[in-house]
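Each chain is listed here by its residues.
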Amino acid sequence: MTQVQLFVTCLVDSFFPKTGQAIVDIFSHLGISVDFAREQTCCGQPQFNAGLRKDARAIAEHTIKVFENTTGDIVTPSGSCAHMFRHNYLELFEGDSLWHPRAKSLAARTFEFTEYLVDKLGVTDLGATWDGVLTYHPSCHTLRGINVDRQPRALLANVRGATLVDLPHAEECCGFGGIMSVEHPELSAEWLKRKISNLEASQSPTLVVTDAGCLMHIAGGLNRQKKQQRVIHIAEVLRNV
Amino acid sequence: MTNNLRTRIRQSIEDQTLQTALDNNAERRLNGRAAAFQSIPDWRERRQRAHAIRADVIEHLDEYLAQFIAKNEGNGVIVHRAKDSAEAINIILDISKSLPLRTLSTQRGKDKTLVPLSPVFRGRDLRGEKVLIAKSKSMVSEEIELNHALEKEGIRVVETDLGEYIVQMRHERPSHIITPAAHLKKEQVAELFHEKLGIPYTTDIPTLTATARKVLREVFLTADIGFSGVNFGVAESGTTCIVTNEGNGRMVTTIPPVHIALMGMERLVPNLEDLSLMLSLLPRSATGQKLTVYTQLLNKPLPDQTRHLIILDNGRTRLKNSPLKESLYCIRCGACLNACPVFRELSGHAYIGKDKSIAPYPGPIGSVISPGLLGENFVHLAQASSLCGACKDVCPVDIDLPKLLTRVRAGESPAVDDRQLTTDGAGLTWTTRFGLQMYTRIATHPKLFAASQKFAALTMTLFSPRSQWIRLPAFTGWGYSKDFPRFAGKTFRQRMENGELGVGNRGIENRDSETFQSSNSPTSKPSHLEQFSQELTALGGHVTLTKNPTQSIIEFLNMRGIKKIMLEPNTLDESLLREANIEFTNTPDDQTPVGATNAICGLADTGSVLEADGALHASLLPEIHIAVLKSSDILPSLPDAMKFVKDKNAAVFITGPSRTADIEMTLTIGVHGPKEIHVFVVE
Ligand code: SF4
């Protein structure tokens, strides 16, 4: 039986455990067992993006050690954490003869969730159903960081009953940017406003994302503005039979 | 420091006029860019090649520079090297001071025929007024704050790019490296022209442009020095490439007796072939054009002209030896500014240093090289980014800007002086730094991590017992515009540990994964002539097929009631012209309405014609340019024509009539160069 390692990410773990649950369900149905390395915490992206490399390295070393003791591909429901493993860890350990090779083998095992389904397993139809309209927001690091776009779109296209509509200016950042949303709240607020008005223009009540960071950010903005639309991680759509 | 920046950001966001202008700029430029890239389906490979070329140049910069300098000296160009802005400014001051005093009789040779001389010109000479420099756009000159330094020394500097001219009159810095007045509405320009140039208030953009043409024409004709930047230097041939749409770049390099070109030392490509590749990417990225209207290639000074080339370091060597090296690959197209959501809220004026001075280079590339070249003062700019990667996506030389931004944040920009802070987390507020460091401790201790989750969940439930969301105060940053989710009652790991993650029953259908292939069906290819004609017409140029060009041109002139033309020798049948009572002259002047030249070749894919040496004035000064082109001389594309450039003093690829979009991004035809271009293609 194939086994995957789930790197669930700190956000899903702490705030959106249902997304993690959905992933476990989907994999079980595909006959794949999910292993969860308990020592995992966070990928260190907030520190890395803020420029705190020493801190980021400490977390990266921890994460590498945790997964070195496991087997199977590492799957994560976040394009930005996949990007962190695949690109930023290598940047962090550039020229480090001890850690760079270890970071490299971690990177080679890491996949974003939809990428894993489509590219590794060849699955584009999970038999999921949805009643109503959906629109998709390609998260920056999923789209441009690891070039994953057709995979989630292909999976959504096969959801029965769902009407997919385009999100205007979909490729624009929602304004999360990790620490930027705290360091530069004014900028973040403007983009969030634009994302929400584009969501309204799409007329879809539901926005699908591949990253819990965007989920938390956009949903938090919708809640503040007392809007009815909801944001959902793609795993929860795909799990819906 | 971050607070100054945040205040400035807030001001920009609240300025509705500015926001509209910036949205306009971003949208038009991005759409234009996307459309232009469709005509080069192999753009991905081109971009990788361009990256490799620039990487090679920067890696072997000393060798390429030595080659470039030697070639230029052989070509009769006076080369100077400046290690910093002070040196560059001094070189320019020295050149200005040692100018031969111009009087009517000692003007350079045939320029005596640049008559009738304007009263301004006579007066100036007789009174021995200030040295006048006509300046074409140069970001490097902004970097060294040249205008300010020259004016302090009593030199008059006039910016001649329409956008630059506008911001100079407003005593502002350019807000965009390609479109300097991108932040202004036409009403503001109208007000300015009314006030400073004394014309009746009008928001009609062609009228405003025509006014600038008239005023600046005087400047070109009377300037002592023409000053320009450099887009590319070609190491192998010593060629200097300068591109402009308005024609001011041609004016300042062709008309005044002295030309000074100022270039950053990194702006090289190995050879003309590599230059063609870069030229297929630069204008597409910058303005959505297949080729800039005037793509000039300067080898030797013109007769009676002195050319100085100043090669500036100003921190570039330091940058080259730092982790920010890749930023030197930049070709200053400005695409990353247009794509950047930060720039779109800010404009170039809000990128300010700790001392509140405006950074010379804005946008994503600016937030890397402003700190990279000028130091600590600008380091915090790199924190103002979500690292969304839109910049990298559009960069024609594929610079990994998000990576470089994180390097600046990590304190890896080179130290300019001892005051440099090379700590990581550069530009971060102390609260964020403290919070993140706490989090590091937690995230490296799994037990502490799990305990903190529980603790946080509990606390937040106390604060917000009913809602899933918590309203944090605005000062926390997050609370400024959104609510924060409550920690889950039971985290994923708890559920996992309790074995709660049950498995339902569902069948999974497995279909073949879809393939996404473009279905570009090959259509029948138009001939070179057809393509040339389509492209030029689309740009507002005119193409006439003829067996007898002189006859056709005479008909055209008669139709327009034109009796006199400036003529490049051996272009037309002169006896026929005489018979038709058309007066013609070979000496450049500013009054003749038509210039007729021979085109060396045409380019099918861009609708361009190549002109050189003897044709430079006639294709520039008059309002109408007529080019005679043999249909067999229409070549497929720019690389095919580079061979003709090598042995010329100076050459220019002309792609349509002179134009600008500097006021509200509105395309306006006819700035400094001809308003009309007519190509008579001889079958
Ligand atoms: S970094 Fe790239 S996109 Fe930005 S100005 Fe330079 S070349 Fe253009």
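Residues numbered from 1 in each chain as written. Chains lettered and ligands numbered in written order. Predicted model: local features only at pLDDT ≥ 70, side-chain atom pairs only at ≥ 80, totals over all residues. Heavy atoms only, no water.

1. A short note on the overall build of chain B
Worth spelling out the cut-off: Secondary structure elements follow DSSP: runs of H or I no shorter than four residues count as helices, runs of E no shorter than two count as strands, and numbering proceeds from the N terminus. Each radius of gyration reported is based on C-alpha atoms, and the globular scaling rule is 2.2 Å times the count of residues to the power 0.38. Partly exposed residues are those whose accessible area sits between 20% and 50% of the maximum for their type, while under 20% is buried and over 50% is exposed, using a 1.4 Å probe and protein chains only. Contacts were defined at the residue level, with two residues in contact if any of their heavy atoms lie within 4.5 Å.
Secondary structure assignment for chain B yields 26 helices and 24 strands. Computed over the C-alpha atoms, the radius of gyration of chain B is 29 Å, within 12% of the 26 Å expected from 2.2 N^0.38 for a compact globule of 683 residues. Viewed in the frame of its principal axes, chain B has a C-alpha envelope of about 105 × 65 × 55 Å. Scored against the burial criterion, the 683 residues of chain B give a buried share of 60%. Put simply, of all contacts in chain B between residues at least 6 apart along the chain, 74% involve residues at least 24 apart.

2. Observations concerning the side chain of T432 of chain B
Topologically, T432 of chain B is positioned in helix α20 (residues 430-443). Residues in contact with T432 of chain B, not counting those within four places in the same chain, are I179, V182 and E183 of chain A.

3. Thoughts on the site of the ligand
The criterion, for reference: Here a residue counts as near a molecule or strand whenever at least one of its heavy atoms sits within 4 Å of it. Under the convention adopted here, Pro, Cys and the residues Ala, Val, Leu, Ile, Met, Phe, Trp and Tyr are nonpolar, Asp, Glu, Lys and Arg are charged, and Gly plus all remaining residues are polar.
Taken together, C330, I331, R332, C333, G334, C336, I365, C395, P396, V397, I399 and L401 of chain B make up the full set of residues near the ligand. Here the shell around the ligand is built from residues that sort into 10 nonpolar, 1 polar and 1 charged.

4. Points about the sheet that holds strand β8 (residues 230-233) of chain A
Residues and elements named next belong to chain A. Heads up, the rule is: Should DSSP find at least two bridges between two strands, the strands are regarded as paired. Structural elements are reduced to axes, namely lines fitted to C-alpha atoms, with helices fitted over the stretch in contact, and the angle between N-to-C directions of any two is expressed from 0 to 180 degrees.
Read across the sheet, 4 strands follow the order β6-β5-β7-β8 without closing on themselves; strand pairing throughout is parallel. Lying at the two open borders of the sheet, with one neighbouring strand each, are β6 (160-165) and β8. The sheet shows a mean angle of 40 degrees between the axes of neighbouring strands, taken without regard to direction. Pairing geometry for strand β5 (residues 129-136) and β6, over 5 bridges, is parallel. Bridge pairing in β6 places T129 opposite R160. Packing of helix α12 (residues 212-224) onto the sheet brings it into contact with β7 (206-209) and β8, and relative to β8 it is tilted by some 165 degrees.

5. Comments concerning the nonpolar core
Residue and element names in this part refer to chain B. Heads up, the condition is: The term nonpolar core refers to a set of buried residues drawn from Ala, Val, Leu, Ile, Met, Phe, Trp, Tyr and Cys, joined through side-chain atoms within 4.5 Å.
Ranked by internal contacts, the top residues of the largest apolar core, which has 127 residues, are F232, L275, L279, I311 and F653. Looking at which element gives the most residues to this core, the answer is helix α13 (residues 272-287), with 8 residues. The contacts of F653, once residues within four sequence positions are left out, are L291, T292, V293, Y294, T295, L297, L603, V609, L610, L638, A641 and V645.

6. With respect to the packing of helix α5 (residues 79-92) of chain A against helix α6 (residues 99-109) of chain A
All names here are of chain A. Applied cut-off: Should an angle lie under 35 degrees it is considered roughly parallel, over 145 roughly antiparallel, and from 65 to 115 roughly perpendicular; all remaining angles are considered oblique.
Running from N to C, α5 and α6 cross one another at 170 degrees; their axes reach a closest spacing of 8 Å. In this view, α5 runs roughly antiparallel relative to α6, as classed from their interaxial angle. Contacts from F85, R86, Y89 and L90 in α5 reach H100, A103, K104, L106 and A107 in α6. Per-class residue counts for the contact of α5 with α6 are 6 nonpolar, 1 polar and 2 charged.

7. With respect to the pattern of salt bridges
So the rule is basically this: Counted as salt bridges are all cases of a side-chain nitrogen of Lys or Arg within 4 Å of a carboxyl oxygen of Asp or Glu.
Throughout the structure, instances matching the rule amount to 45 salt bridges over all chains. For E172 of chain A, the salt bridge is made with R344 of chain B, and the minimal N-O distance between the two is 3.6 Å. Residue E172 of chain A is located in the loop between β6 and α10 (180-183), and its partner R344 of chain B is located in helix α16 (residues 341-346); the two belong to separate chains. The buried category is assigned to E172 of chain A, whose relative accessible area is 14%. Residue R316 of chain B is joined to E266 of chain B by a salt bridge in which the shortest nitrogen-to-oxygen separation is 2.8 Å. A residue pair is termed long-range when its members are at least 10 positions apart, and R316 of chain B in helix α14 (residues 316-320) and E266 of chain B in the loop between β7 (258-264) and β8 (268-269) qualify at 50 residues. Each of the two residues, R316 of chain B as well as E266 of chain B, counts as buried. Via salt bridges that share partners, E172 and R194 of chain A together with D23, E27, R344 and E345 of chain B belong to a single interconnected network.

8. Here's the deal with the domain arrangement of chain A
Frequently, the measure chosen for interface size is the accessible area removed from exposure when the parts meet. All names here are of chain A. The condition is simple: Throughout, the edges of the domains are those of an automatic or database domain assignment. Under the rule applied, a polar contact is a pair of N or O atoms within 3.5 Å (in protein, one hydrogen donor and one hydrogen acceptor; residues adjacent in sequence only if both atoms are side-chain atoms).
Domains assigned within chain A are domain 1 (3-119) and domain 2 (125-238). Taking only C-alpha atoms into account, the centre of domain 1 sits 22 Å from that of domain 2. Across the contact, 27 residues belong to domain 1 and 22 residues belong to domain 2. The interface formed by domain 1 and domain 2 contains 1 salt bridge. Summed over the shared surface of domain 1 and domain 2, the number is 7 residue pairs in polar contact (both at pLDDT 80 or more). Elements that contribute at least two residues to the side of domain 1 that touches domain 2 include exactly α1 (10-14), α2 (17-29), α3 (45-50), α5 and α7 (113-120). A per-class count over the side of domain 1 that touches domain 2 returns 14 nonpolar, 8 polar and 5 charged.

9. Focus on the interface of chain B and chain A
As a reminder, the rule being used: We define buried area as the total accessible area lost by two parts upon association, computed with a 1.4 Å probe and summed across both.
Counting residues at the interface gives 82 residues for chain B, matched by 84 residues for chain A. Both faces combined, the contact of chain B with chain A buries some 7300 Å², and carbon together with sulfur accounts for 58% of it. For the interface between chain B and chain A, the tally reads 9 salt bridges. At the junction of chain B and chain A, the tally comes to 33 residue pairs in polar contact (both at pLDDT 80 or more). Residue contributions to the side of chain B that touches chain A peak at 7 residues, all from α20 of chain B. Here the residues of the side of chain B that touches chain A are counted per class, giving 31 nonpolar, 25 polar and 26 charged.

10. Digging into the pairing of β8 of chain A
Within a regular strand, the side chains alternate between the two sheet faces. Residues and elements named next belong to chain A. Filter applied, for reference: For the handedness criterion, the strands are oriented away from the viewer, and a crossover whose path from the first strand over the helix to the second runs clockwise is classed as right-handed.
With 4 bridges connecting them, β7 and β8 associate as parallel partners. Within β8, the residue paired with L207 across the bridge is V231. For the handedness criterion, the β-α-β arrangement of β7, α12 and β8 is classed as right-handed.

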